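# Residue-level structural notes
Letter by letter, the chains look like this.
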Amino acid sequence: MGHGTNRIEDMSSPNNETAANARETVVEIHSVCLPPKKTTFQKLKKRFGDVFFPDDPLERFRNQTWRNKVILGLQSLFPIFTWGSQYDLKLFRSDVISGLTIASLAIPQGISYAKLANLPPIVGLYSSFVPPLIYSVLGSSKHLAVGPVSIASLVMGSMLSESVSPTQDSILYLKLAFTSTFFAGLFQASLGLLRLGFVIDFLSKATLVGFTAGAAVIVSLQQLKGLLGIVHFTGKMQFVPVMSSVINTRSEWSWETIVMGLGFLIILLTTRHISMRKPKLFWISAASPLASVVISTLLVYVIRDKTHAISFIGHLPKGLNPPSANMLYFSAAHLALAIKTGIITGILSLTEGIAVGRTFASLKNYQVNGNKEMMAIGFMNMAGSCTSCYVTTGSFSRSAVNVNAGAKTAVSNIVMASAVLVTLLFLMPLFYYTPNLILAAIILTAVIGLIDYQAAYKLWKVDKFDFFTCMCSFFGVLFVSVPLGLAIAVGVSVIKILLHVTRPNTLEFGNIPGTQIYQSLKRYREASRIPGFLILAVESPIYFANCTYLQERILRWTREEENRIKENNDRNLKCIILDMTAVSSIDTSGIEAVFELRRRLEKQSLQLVLVNPVGSVMEKLHKSKIIESLGLSGLYLTVGEAVSDLSSTWKAHGQP
């Protein structure tokens, strides 16, 4: 296609009043160029870089001295070196305050979440000591508060307890928990090292909204055991068995436990509401869990001789985390269970941690490196599995408190871990009379915030299919099981992807009067058809999965347009224009489909014209010789140029 100018005086027909009033226009016809030539190696290198290194991590090393490269390398591996050199007393003061504040929340939550995972309460405190120290060195977020979280605890507890009893075979259960944590960390670190973070993108926003809401409901129902004082409670996690167990054990309900439990639950919910309404009073909700633990422990201690109806934690061992590398369980009997549990909890905790880190990074105007976060969370879980810890990640509630308390760097995690260390060494006997009901109340208060009904309503308003995915996840978790509910939601999301891939959208374009702009006839009511042309647009790549569908769909568009022409007695259809602006790629199957489409249209005396194929698509079309078969008038840069040039050609040859 060479450069040139065509003069179009009129493109009207008696049946197109808008086009009949079009003024005489002059349109310059431009060439559609091939992209610059590249070798196969250059193409593979660019593609590999785009997929695995979109952030170009080596850019900062260019044109640097060896000394600077070493420093930059250390900063890349250990982000603490990035901000450590500028650290001062003022920052430390802020981090001490925020670290002690989140410690007051982390200590009771750690004990509570460990029980949620059917683990000894002390494991929750162990998990609030070692992982935060490791993350403070490796993590790139300044505000992420690390420790056990409710969703990962629930998933681990539900998956492991289906095969191993946490009460009858507690040692094996503990071994599997540590082994699952090891595999979770290995999986997370591998994603970061291999830069495969896109794997977690299969957990869409809709899936996570439904899953977390369903899990929150299940977690809440499980806490009825502690709030009602039930001794013999079901170990199942589905809605129906839990409610049946609550009803069938009415004889075990303890009024003393109910009164005290509801009282503290109301206090915790009230303080949470106050802090949400007035963010400056964040310290009220942050301090209330620990204050509630202290007060409830004193109450139980005072009335210990008068009633035995209120159950309490009992003995917790003092001391640092004992090594647990020897407890990692790689026996074939339960290895598959440990790997499966590790991968699922790893994905969930990684998704939550990165999402929380990015949320607060955007609020504070800095960037979190996703791959570094994966490696940091992965390595801290691998190390945690060898120091009596279970799966940990960044907690939204603790991170929010951390930000509101004025945290400046990851040193707040070190301060929190130091407070937990003091607790482990000296304060464990004080938790002996801590009632289980307060742990249940703390968990209930924390998970209520996971039920995001506003997000679900927004999904309904914006995208009904996403809302359906959300509901599949929610009811799957509620009535089937936690892992299967997640699997169902992911399956629905994959089906959605496949539908978009195999059944892409096609549109019919028309001209907006007085312009050279062509847009969807359905979207723009003022747009009008151009007589003799059927202008279509494809909004997806063309390859083996959808090429047959697209071919049949375009032929159907053609039949429908010819039927419309017959009904309205319009000018005969002569040309099909295919706008390929949104076709980002094409494979050999897609090219063959275009060949076949051209051949079938020629049999109907119709011309196929391609418009604006992108560089890679143009290159493949050129190499396949399809450009030659289309002829000089078969390829244009814009729809407007195609319509103008072809119309003038027909007029020059005396065609109507």
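Residues numbered from 1 in each chain as written. Predicted model: local features only at pLDDT ≥ 70, side-chain atom pairs only at ≥ 80, totals over all residues. Heavy atoms only, no water.

## Some words on the overall build of the chain
The secondary structure content of the chain amounts to 27 helices and ten strands. Structurally, the chain occupies a C-alpha span of about 110 × 65 × 55 Å along its principal axes. Residues counted as buried form 50% of the 656 residues belonging to the chain. Intrachain contacts of the chain at a sequence separation of at least 6 include 79% that bridge at least 24 residues. (Helix = DSSP H or I, 4+ residues; strand = E, 2+ residues; numbered from the N terminus. Buried < 20%, exposed > 50% of the residue type's maximum accessible area, 1.4 Å probe, protein only. Contact = heavy atoms within 4.5 Å.)

## A closer look at helix H3 (residues 66-77)
Compared with the 16 Å implied by 1.5 Å per residue over twelve residues, the 16 Å span of H3 between its first and last C-alpha is a close match. Looking at H3, one finds that the buried residues are Leu72, Gly73 and Gln75. Around the axis of H3, the buried residues are gathered within 165° of arc, so they sit on the same side. Counted as exposed and oriented over 90 degrees from the buried face of H3: Trp66, Arg67, Val70 and Leu77. In the core, the buried residues of H3 are packed alongside helix H4 (80-84) and helix H16 (370-385). (Expected span 1.5 Å × (residues − 1). Arc of directions from axis to C-beta.)

## Notes on empty space enclosed by the protein
Counting across every chain of the model gives two cavities of 30 Å³ or more. Computed from the structure, the largest cavity encloses a volume of approximately 60 Å³. Contributing to the lining of the largest cavity are Ile542, Cys547, Leu550, Gln551, Ile554, Leu578, Gly590, Ala593, Val594 and Leu597. Split by residue class, the lining of the largest cavity holds eight nonpolar, two polar and no charged. Taken as a whole, the second largest cavity holds about 30 Å³ of empty space. Surrounding the second largest cavity, Glu508, Phe509, Arg529, Ile530, Phe533, Leu534, Ile535 and Glu561 form its lining. For the lining of the second largest cavity, the secondary-structure elements that each account for two or more residues are strand E5 (506-511) and strand E7 (533-538). Here the lining of the second largest cavity gets three residues from one element, more than from any other, and that element is E7. A breakdown of the residues in the lining of the second largest cavity according to their chemical character gives five nonpolar, no polar and three charged. (1 Å grid on protein atoms, 1.4 Å probe; cavity = no way out; pocket = protein on both sides within 12 Å on 5 of 7 lines; lining within 4 Å. Points joined across faces, edges and corners; volume = space filled by probe spheres on them. Nonpolar A, V, L, I, M, F, W, Y, C, P; charged D, E, K, R; others polar.)

## A look at the pattern of salt bridges
Scanning the entire structure with this criterion turns up twelve salt bridges. Its salt-bridge partner being Glu561, residue Arg529 comes within 3.6 Å of it at the nearest N-O pair. Here Arg529, found in the loop between strand E6 (518-520) and E7, pairs with Glu561, found in helix H23 (residues 547-568); they are 32 residues apart in sequence, far enough to count as distant. Looking at Arg529, the relative accessible area reads 32%, which means it is partly exposed. We note a salt bridge from Arg564 to Glu561, for which the minimum N-O separation is 2.8 Å. One end of the pair is Arg564 and the other is Glu561, both in helix H23 and three residues apart, which spans about a single turn. Through salt bridges with shared partners, a single network forms among Glu508, Arg529, Glu561, Arg564 and Asp570. (Salt bridge = Lys/Arg side-chain N within 4 Å of Asp/Glu carboxyl O.)

## Examining the domain arrangement of the chain
Annotation of the chain at the domain level lists domain 1 (86-496) and domain 2 (504-653). Between the C-alpha centres of domain 1 and domain 2 there is a distance of 55 Å. (Domains from an automatic or database assignment.)

## Thoughts on the sheet that holds E5
Taken in spatial order, the six strands line up as E6-E5-E7-E8-E9-E10 in an open sheet, and their pairing is mixed. The outermost strands of the open sheet, each flanked by one partner alone, are E6 and strand E10 (635-636). By the bridge criterion, three bridges tie E5 to E6 in an arrangement that is antiparallel. Considered in E6, the bridge of Asn511 is made with Tyr518. Sitting on the sheet, H23 is in contact with E5, E7 and strand E8 (575-579), with an inclination near 150° to E7. (Pairing = 2+ DSSP bridges. Axes fitted to C-alpha atoms, helices over the stretch in contact; angles between N-to-C directions.)

## Digging into a nonpolar patch on the surface
On the surface, Val240, Phe475, Phe479, Val480, Leu484 and Ile488 cluster together to form a nonpolar patch covering roughly 510 Å² of accessible area. When residues of the nonpolar patch are traced back to their parent elements, those giving at least two are helix H21 (464-479) and helix H22 (482-502). Inspection of the secondary structure puts Val480 in the loop between H21 and H22. (Patch = residues over 30% accessible without salt bridge, like charges linked within 9 Å, V, L, I, M, F, W, Y side chains within 5 Å. Areas by Shrake-Rupley, 256 points an atom, 1.4 Å probe, with all protein chains shown as cover.)

## Structural notes on the side chain of Arg598
Summarising the element assignment, Arg598 is placed in helix H24 (residues 588-603). Under the relative-accessibility criterion, Arg598 is labelled buried at 16%. When near neighbours in sequence (up to four residues on either side) are disregarded, Arg598 contacts Leu608, Ser629 and Leu630.

## Section: the UniProt feature "domain: STAS" (unreviewed entry) in the chain
Here the UniProt feature "domain: STAS" (unreviewed entry) sits at residues 523-646. Split by type, residues 523-646 is 48% helix and 15% strand. Its first and last C-alpha atoms lie 26 Å apart. (UniProt positions renumbered as here; feature names shortened; annotations may be inferred.)

## Side note on the layout of surface pockets
The space that makes up the largest pocket amounts to roughly 1,600 Å³. Along the walls of the largest pocket sit 49 residues, with Arg272, Phe396, Ser397, Gly449 and Leu450 positioned nearest its centre. In terms of residue count, helix H15 (residues 335-363) provides more of the lining of the largest pocket than any other element does, eight residues in total. A breakdown of the residues in the lining of the largest pocket according to their chemical character gives 29 nonpolar, 16 polar and four charged.

## Examining the packing of H23 against H24
Relative orientation of the contacting elements H23 and H24 amounts to 25°, with a least axis distance of 9 Å. Classified by the interaxial angle, the pair formed by H23 and H24 is roughly parallel. Between H23 and H24 the crossing geometry is right-handed. In contact with Cys547, Gln551, Glu552, Ile554, Leu555 and Thr558 of H23, H24 contributes Ser589, Gly590, Ala593, Glu596, Leu597, Arg600 and Leu601. Grouping the constituent residues of the contact of H23 with H24 by class yields six nonpolar, four polar and three charged. (Parallel < 35°, antiparallel > 145°, perpendicular 65-115°, else oblique. Left-handed = near helix turned anticlockwise from the far one by under 90°.)

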